[in-house]
Amino acid sequence: MARRGEKFGKDTGLQARMVLTMFLLGLVYVVFLGVLFAAGAGAGVIVVVALVLLVVQLFGSDKIAMATMGVKEVSPAQEPELHGIIERLCVQANLPKPRVCVIETSMPNACAMGKSQKSANVCATRGILELLEPAELEVVMAHELTHVINRDVMVMTLASFFATLASMIAQFALFFGGGFGGGYGRSNEEEEEIMLVLLVSVLVYAISFLLLRALSRYREFAADRGSAVLTGRPSALASALLKISGTMERVPTQDLRRAEGMSAFFILPARTKKSLMNIFADHPPLEQRLAALERLESQLQSAA
């Protein structure tokens, strides 16, 4: 059983996309830093700001997000069914058991956080524990554990650092001059340098945003596949997704707004309204996920 989870849990397509995303982001930022230096930005300031942000992003972002959402670790005595499900799945997937957490909110959802398999946290909301049947809860937890197996949470955290840095530098240059010319009395050349930094910052942010969204959508498909193959029940995951989506519309707006900052890490986004902005969503459309699960169900039945 352990071999089964290890073999099918990892997604080589996702691994390749994560490597490509990080390579492209790194390449973009080499150009970005070159433009900043050419524009006369202080190298020391850039390096210090970048290092501080990177440390906060790597070691503090998940803790900050979990504290904001009110994530609390629960013991086997407090949530025996949830612990039992995760323990069984970890044995199948040959995975260290993560910390098991619950978020006390009526919003039905689940997420995985953490920098590595050993420091992972798998979280379920009170709403999803009350909503789903045991078989449906199992496939949702398998989905989250697949994120842990693929280590895509760490890559998403690191990749989002680039967009954060570009945004902050753009704001710094726009509102304070960023040291690019010293404020009032700037020459035309210095004004042009600031505009160049702003333009490149916006482009870098846009590229980072699009790469992150593409990676985020693919990793949800990969986690759906991992869950379906690990448990052998794609139809149960489809049922769970439909239940979660249908119930989300009745969740108080305050709860949804509170969770929206972590939306990319949830199994379904903490919003349900359709708009043109959905083309930039961090999750693929529910219809596409259900269709992919239906195809997986057919494949598994044919192989049986």
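A short tour of the structure in this document, coming up. (Residues numbered from 1 in each chain as written. Predicted model: local features only at pLDDT ≥ 70, side-chain atom pairs only at ≥ 80, totals over all residues. Heavy atoms only, no water.)

**Things to note about a nonpolar patch on the surface**
Inference 1: Together, L20, F23, L24 and L27 line one region of the surface with nonpolar side chains, adding up to about 370 Å² of accessible area.
Inference 2: Tracing the backbone shows F23 in helix α2 (residues 12–38). (Patch = residues over 30% accessible without salt bridge, like charges linked within 9 Å, V, L, I, M, F, W, Y side chains within 5 Å. Areas by Shrake-Rupley, 256 points an atom, 1.4 Å probe, with all protein chains shown as cover. Salt bridge = Lys/Arg side-chain N within 4 Å of Asp/Glu carboxyl O. Helix = DSSP H or I, 4+ residues; strand = E, 2+ residues; numbered from the N terminus.)

**A word on the sheet that holds strand β4 (residues 121–125)**
Inference 1: If you trace the four strands from one edge of the open sheet to the other, you get β1-β2-β4-β3, paired in mixed fashion. Edge positions in the sheet fall to β1 (71–73) and β3 (110–113), since each has one partner strand and no second. Strand-to-strand twist in this sheet, taken as the mean axis angle between neighbours without regard to direction, amounts to 30°.
Inference 2: Where β1 lies against strand β2 (residues 99–103), three bridges are found, and the strand directions are antiparallel. Bridge pairing in β2 places E73 opposite C101. (Pairing = 2+ DSSP bridges. Axes fitted to C-alpha atoms, helices over the stretch in contact; angles between N-to-C directions.)

**Regarding the pattern of salt bridges**
Inference 1: In the structure shown here, the tally under the stated rule is nine salt bridges.
Inference 2: K243 serves as the salt-bridge partner of E136, at 3.0 Å between the closest nitrogen and oxygen. In this pair, E136 is assigned in helix α6 (residues 134–150) and K243 in helix α9 (residues 234–248), connecting sequence segments 107 residues apart.
Inference 3: A relative accessible area of 8% means that E136 is categorised as buried.
Inference 4: You can call K243 partly exposed: its relative accessible area is 28%.
Inference 5: Two residues, R219 and D152, come together in a salt bridge whose shortest N-O distance is 2.8 Å. Here R219, found in helix α8 (residues 188–231), pairs with D152, found in helix α7 (residues 152–176); they are 67 residues apart in sequence, far enough to count as distant.
Inference 6: Several salt bridges converge on common partners, so that one network encompasses D152, R219, E220, D224 and R289. (Buried < 20%, exposed > 50% of the residue type's maximum accessible area, 1.4 Å probe, protein only.)

**Focus: helix α11 (residues 286–303)**
Three or four residues apart is the spacing at which side chains of an α-helix point the same way, because the helix has 3.6 residues per turn.
Inference 1: The end-to-end C-alpha distance of α11 is 26 Å, a good match for the 26 Å that 18 residues give at a rise of 1.5 Å each.
Inference 2: Residues L286, R289, A292, L293, L296 and E297 constitute the buried set of α11. Within α11, the buried residues cover an arc of 150° as seen down the axis, which keeps them to one side. Across α11 from its buried face, at more than 90 degrees, point the exposed residues E294, R295, Q299, Q301 and S302. (Expected span 1.5 Å × (residues − 1). Arc of directions from axis to C-beta.)

**A word on unusual backbone geometry**
Inference 1: In this model, N94 sits at a positive phi of 55°, which is unusual for a non-glycine residue.
Inference 2: Here N94 lies in the loop between α4 (80–93) and β2.
Inference 3: Of the residues examined, N94 reaches a relative accessible area of 47% and is grouped as partly exposed.
Inference 4: The backbone of R151 shows a phi angle near 60°, a positive value even though the residue is not glycine.
Inference 5: With respect to the helices and strands, the residue R151 is situated in the loop between α6 and α7.

**Description of the environment of P96**
Inference 1: Inspection of the secondary structure assignment puts P96 in the loop between α4 and β2.
Inference 2: Separated by 24 residues in sequence, P96 and A120 place their C-alpha atoms 9.0 Å apart.

**Section: the packing of α9 against α11**
Inference 1: Close contact between α9 and α11 brings their axes to 8 Å; oriented N to C, the two are set at 160°. Considering the angle they form, α9 stands roughly antiparallel to α11. Like other packed secondary-structure pairs, α9 and α11 cross with a definite hand, here left-handed. Residues P234, S235, L237, A238, L241, L242 and S245 of α9 form the contact with α11, whose participating residues are L286, R289, L290, L293, L296, E297 and L300.
Inference 2: Taken together, the residues of the contact of α9 with α11 break down into ten nonpolar, two polar and two charged. (Parallel < 35°, antiparallel > 145°, perpendicular 65-115°, else oblique. Left-handed = near helix turned anticlockwise from the far one by under 90°. Contact = heavy atoms within 4.5 Å. Nonpolar A, V, L, I, M, F, W, Y, C, P; charged D, E, K, R; others polar.)

**Quick notes on the nonpolar core**
Inference 1: Counting 62 residues, the largest nonpolar core has L82, M107, I128, L137, V140, M141 and F266 as its most contacted members.
Inference 2: Not counting chain neighbours up to four residues away, the residues in contact with M141 comprise L82, I85, I86, L89, A110, V122, C123 and A124. (Core = buried A, V, L, I, M, F, W, Y, C linked by side-chain atoms within 4.5 Å.)

**Some points on α4**
Inference 1: Spanning 14 residues, α4 covers 20 Å between terminal C-alpha atoms, matching the ideal 20 Å at 1.5 Å per step.
Inference 2: Of the positions making up α4, those classed as buried are L82, H83, G84, I85, I86, L89, C90, Q92 and A93.
Inference 3: Just beyond α4, the residue with positive phi is N94, at close to 55°.

**Some thoughts on the side chain of E79**
Inference 1: On the secondary structure map, E79 appears in the loop between β1 and α4.
Inference 2: Beyond its immediate sequence surroundings of up to four residues, E79 is in contact with V74, V102, R126 and L129.

By themselves, these figures tell us nothing about what the structure is for.
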